[in-house]
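# What the coordinates show
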Amino acid sequence: QVQLVESGGGSVQAGGSLRLSCAISGNTYVTYWMGWFRQAPGKEREGVAVIYTAGGNPYYADSVKGRFTISQDNAKNMPYLQMNNLKPEDTAMYYCVLTPPWAVDANPMGEGSYHYWGQGTQVTVSS
C-alpha cells in the first residue's frame, strides 16, 4: 500500500545540479529506511543514498560522496536527493525506496532490503 512517486529528474550539463523528490503515500511505519537507488543503461542497480528516520548517518555510494546529499522533509519524512557536480557517469534512472526497519539486513545499501520502490525518474548528464 506504500506508494512512492519520484520527481525532479531531467537533463543537465556536467557540473550542474538537480534535486530529486519523492512523494510518499500510504505509509504507516513510524520509523523506516528510505532513500535512492539508480540503474544506468547496461549496468546493475546500485544504492545511491539511504537514511534511517530514527537516526544515524546516511549511507552513500562511494561514487557520490561529497557530491550528493540525502535529506528528509520534517513534516512527511519524504526523501530528497540533492545532486551537485553531476557527471556523465551519474546518468541513470533513479528510484525512491522505502522499507520497515525489520526488513533491513546487514547491508542497508542492498536492494533486497527494500520492499517499496517508485517508478523512477530519469537523470541524464551530458559533457
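Let us look at the structure shown here. Nothing here was measured: the structure is a model prediction, and the numbers come from that model.

Criteria and cut-off values
- Residues numbered from 1 in each chain as written.
- Predicted model: local features only at pLDDT ≥ 70, side-chain atom pairs only at ≥ 80, totals over all residues.
- Heavy atoms only, no water.
- Phe/Tyr/Trp six-rings, centres within 6.5 Å; stacked < 30°, edge-to-face > 60°.
- Helix = DSSP H or I, 4+ residues; strand = E, 2+ residues; numbered from the N terminus.
- Buried < 20%, exposed > 50% of the residue type's maximum accessible area, 1.4 Å probe, protein only.
- Pairing = 2+ DSSP bridges.
- Axes fitted to C-alpha atoms, helices over the stretch in contact; angles between N-to-C directions.

## Digging into the packing of aromatic side chains
Going through the model one piece at a time under the given rule, you end up with seven aromatic pairs. Look at Phe37 and Tyr114: their rings are 5.5 Å apart centre to centre, the planes differ by 65 degrees, and that puts the pair in the edge-to-face class. With a gap of 77 residues between them, Phe37 in strand β4 (residues 33–39) and Tyr114 in the loop between β9 (92–99) and β10 (116–117) connect regions that are remote in the sequence. The same class applies to Phe37 as to Tyr114, namely buried. Through successive ring pairs, a cluster of aromatic residues spans Phe37, Tyr95, Tyr114 and Trp117.

## Concerning the sheet that holds strand β7 (residues 68–72)
The sheet built from four strands is open, its strands ordered β1-β3-β8-β7 with antiparallel pairing. If you trace the sheet from one side to the other, it starts and ends with β1 (3–7) and β7, each paired once. For this sheet the average axis-to-axis angle between neighbouring strands, irrespective of direction, equals 15 degrees. Of the pairings in the sheet, the one linking strand β3 (residues 18–25) to strand β8 (residues 79–83) comprises four bridges and is antiparallel in character. Of the residues in β8, the one forming a bridge with Leu20 is Leu81.

## So, the environment of Trp36
Within the secondary structure, Trp36 is located in strand β4. Trp36 sits 15 residues away from Ile51 along the chain, and the two C-alpha atoms are 9.3 Å apart.

## A closer look at the pairing of β9
Along any regular strand, the residues point their side chains to alternate faces of the sheet. When you tally the buried positions in β9, you get seven out of eight residues, the bulk of the element. The pairing of β4 with β9 spans seven bridges and is classified as antiparallel. Bridge assignment links Trp33 to a residue of β9, and that residue is Thr99. Of the pairings in the sheet, the one linking β9 to β10 comprises two bridges and is antiparallel in character. Paired with Val97 across the strands is Trp117, a residue of β10.

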